[in-house]
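One letter stands for each residue in the lines below.
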Amino acid sequence: MAPGARSQGEAIVTARPIIALELIDDTAWMGGVLYLRNLAICLSRLSDAERPELRLLGPASVVDRVTAEIGGGGSAKGGLLGGILSRFAPRARGERPIDLVYPGFGATLPGAVTLRWIPDFQHRHLPHLFGAAEIAARDDAIGAIAARPDLVVLSSETAAQDFLQFFPGHRARLRVWRFRSLIDTTAPPNLETLRKYGLPEKFLYLPNQFWVHKNHVTVFRALARLRAEGGPVIPLVCTGATSDRRNEAHFGMLETLARDSGIAPQLHLLGLIDRGEQLDVFRRAAAIVQPSLFEGWSTVVEDVRSIGRPIFLSDILVHREQAPPRCTYFDPSNGNALARLLGEAWDGLAAGPDYSAERQAAEALYGLVLDAGRTFMSIAREAIDTKYKRNSL
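Residues numbered from 1 in each chain as written. Predicted model: local features only at pLDDT ≥ 70, side-chain atom pairs only at ≥ 80, totals over all residues. Heavy atoms only, no water.

Details of the sheet that holds strand β10 (residues 236-239)
In space, the six strands of this open sheet follow the order β11-β10-β9-β12-β13-β14, with parallel pairing throughout. Of all the strands in the sheet, the pair left with one neighbour each is β11 (267-271) and β14 (327-330). For this sheet the average axis-to-axis angle between neighbouring strands, irrespective of direction, equals 20 degrees. Two elements, strand β9 (residues 204-206) and strand β12 (residues 287-290), share two bridges in a ladder whose sense is parallel. (Pairing = 2+ DSSP bridges. Helix = DSSP H or I, 4+ residues; strand = E, 2+ residues; numbered from the N terminus. Axes fitted to C-alpha atoms, helices over the stretch in contact; angles between N-to-C directions.)

Printed below as a string of structure tokens:
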């Protein structure tokens, strides 16, 4: 029998699994885009014996961009993904087939297991932000997944508990995979980024899309309260797409609030910027604020964990589960409370980068990234093994 081959009835994957990642190309959902990028990086950090082979599914332009962003073009030492990554192409004669496709949003391949990911249940927690048709469509899609006895990936224990509550009769087998961000802080941030966007030396950073549930309004109100009471005038830098397809008037409302409350001069609304530039902003910020009303597993929090910056964080269940260091929780509905926290802390916060904190963050993250990669591979192998068990019956 050839090395790596499976005998009839064998239920253990002995060959290196081949996993196809179905890329998300949606600038309105950067969380999803970065989720798959971070997954690829976590897998790349595993030892040679643990790593899968990766294939990227998507338009050539998207595959090339993602490959460049995560450094897949180099050697095993020079490239972040080394030799485990390649663009998906039709299988040559004699080549092993794809074992698993993830996250199962659309692509399926003959003979491959489709492992599905449910990011969150925002439509159940914040139904006022969705139309009835979209709520029904999401419930139908998740219900179809729940009805099958397959593995399903959730992003947090919080989301897994939501699944159990909302789909109590499910047949699915739930697995939780928490992604981690891995940001390279070995080189100093590019000062040209600050000059390009006209940013001040010291600022607070809010890196969220301008969607209603991201809750910029509480931060704007907190800054307005500080200004009205003679507190510190805190510059706020915001990045992220300015359009909310569920409420196209939202960004205009925030601009009006900023003008009427007098805080417009201290705001720097940059829109969606290059990921490399965004990381420069992250590292230079005196602190980050994440006021979101709902998350599946916050990319902002994991980015902050990766660079060791302080964060003011909305007190919601999933953020408590993430529990980053240097964190101050606040009631996301209470702008006055956030104003008090910011006012008390601002003078003691310093502009980044903080190289000591970045080194400590990198050391702490090393094990977390390996654990994340191993956990995903355990789930993937279980899904693949299940297929072979079924086929052998």
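A short note on helix α8 (residues 250-261)
Every α-helix winds through 3.6 residues per turn, so residues three or four apart in the chain are directed the same way. Here α8 contains 12 residues, and its C-alpha end-to-end distance of 17 Å stays within 8% of the 16 Å for a straight helix at 1.5 Å per residue. Restricting attention to buried positions, one finds in α8 the residues H250, F251, L254 and A258. Down the axis, α8 shows its buried residues gathered within 100 degrees of arc, on one side only. Among the exposed residues of α8, those oriented more than 90 degrees off its buried face are R259 and D260. Phi for G262, located one or two positions after α8, is positive at around 85 degrees. (Expected span 1.5 Å × (residues − 1). Buried < 20%, exposed > 50% of the residue type's maximum accessible area, 1.4 Å probe, protein only. Arc of directions from axis to C-beta.)

Points about the packing of helix α9 (residues 275-284) against helix α10 (residues 299-307)
The interhelical angle for the contact between α9 and α10, taken along N-to-C directions, is 65 degrees, at an axis separation of 11 Å. Considering the relative orientation of α9 and α10, their crossing is right-handed. Along its contact with α9, which presents R275, F282 and R283, the element α10 presents D303, V304 and I307. Looking at side-chain class alone, the contact of α9 with α10 contains three nonpolar, no polar and three charged residues. (Left-handed = near helix turned anticlockwise from the far one by under 90°. Contact = heavy atoms within 4.5 Å. Nonpolar A, V, L, I, M, F, W, Y, C, P; charged D, E, K, R; others polar.)

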